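This is what each chain is made of:
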Amino acid sequence: MDSSRSRDFVDIDRELAHWQIAFDTGALPAMNFRHEVAPVIRLACDIYVRNPHGTRTAWLQDLQLRLAKRASLRGNPGAEEIATGCWALLMQ
């Protein structure tokens, strides 16, 4: 699955499927995929697409700003870890 990833295109469905498997195996710091993981993966992918040559620091700052605007994601302690993992995979 990972070998066919393109750094110029993000297939959100593929990313969500990958992270669903990670969630199902207990590898993510979240209790609910739909409400905690999927929204963070979508945000992380959007941040990456908008600024593919950015730094992780810039991406994390953008993530924190976006999380602050979404009441349902405020206080998500695993958001940074999940997003960082997503970006690492996208950069491969």
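Conventions adopted
Residues numbered from 1 in each chain as written. Predicted model: local features only at pLDDT ≥ 70, side-chain atom pairs only at ≥ 80, totals over all residues. Heavy atoms only, no water. Axes fitted to C-alpha atoms, helices over the stretch in contact; angles between N-to-C directions. Helix = DSSP H or I, 4+ residues; strand = E, 2+ residues; numbered from the N terminus. Parallel < 35°, antiparallel > 145°, perpendicular 65-115°, else oblique. Left-handed = near helix turned anticlockwise from the far one by under 90°. Contact = heavy atoms within 4.5 Å. Nonpolar A, V, L, I, M, F, W, Y, C, P; charged D, E, K, R; others polar. Expected span 1.5 Å × (residues − 1). Buried < 20%, exposed > 50% of the residue type's maximum accessible area, 1.4 Å probe, protein only. Arc of directions from axis to C-beta. Salt bridge = Lys/Arg side-chain N within 4 Å of Asp/Glu carboxyl O. Phe/Tyr/Trp six-rings, centres within 6.5 Å; stacked < 30°, edge-to-face > 60°.

J.: Account for the packing of helix α2 (residues 33-50) against helix α3 (residues 56-68), with residues named and values stated.
T.: Two numbers describe how α2 lies on α3: the axes approach to 10 Å, and their chain directions differ by 130°. Classified by the angle between their axes, α2 and α3 sit oblique to one another. Relative to α3, the crossing made by α2 is right-handed. Residue-level contacts link Leu43, Asp46, Ile47, Tyr48 and Arg50 of α2 to Trp59, Asp62, Leu63, Arg66 and Leu67 of α3. Here the contact of α2 with α3 is composed, by residue class, of six nonpolar, no polar and four charged.

J.: I'd like a description of helix α4 (residues 79-90), backed by residues and values.
T.: Helix length check: α4 (12 residues) gives 16 Å between terminal C-alpha atoms against 16 Å at 1.5 Å per residue, within 8%. The set of residues buried in α4 consists of Ala79, Ile82, Ala83, Cys86, Trp87, Leu89 and Leu90. Take α4 and look down its axis: the buried residues cluster within an arc of 160°, on one side only. Turning to α4, the residues buried within the fold contact α1 (12-24), α2 and α3.

J.: Any chance you could break down the pattern of salt bridges for me, citing the residues and the numbers?
T.: According to the stated counting rule, one finds three salt bridges in the structure shown. Between Arg50 and Asp46 there is a salt bridge; the shortest N-O distance is 2.8 Å. Placement of both Arg50 and Asp46 in helix α2 is noted, with a separation of four residues, approximately one turn of the helix. Classification of Asp46 as partly exposed rests on a relative accessible area of 25%. Residue Arg66 is joined to Asp46 by a salt bridge in which the shortest nitrogen-to-oxygen separation is 2.5 Å. Pair noted here: Arg66 is in helix α3 and Asp46 is in helix α2, with a separation of 20 residues, a long-range link. In the salt-bridge network here, residues are joined through shared partners; they are Asp46, Arg50, Asp62 and Arg66.

J.: Describe the packing of aromatic side chains, with residues and values.
T.: A complete count under the given rule lists three aromatic pairs for this structure. Ring geometry for Tyr48 and Trp59: centres 5.6 Å apart, planes at 65°, overall edge-to-face. Remark: Trp59 occurs in helix α3 and Tyr48 occurs in helix α2; sequence separation between them is 11 residues. Assigned by exposure class, Tyr48 and Trp59 land together as buried. Centre to centre, the rings of Trp59 and Trp87 are 5.3 Å apart; their planes meet at 45°, and the pair counts as tilted. With a gap of 28 residues between them, Trp59 in helix α3 and Trp87 in helix α4 connect regions that are remote in the sequence. According to the relative accessible area criterion, Trp59 is buried, its value standing at 1%. A connected cluster of aromatic rings, assembled from ring pairs, spans Tyr48, Trp59 and Trp87.

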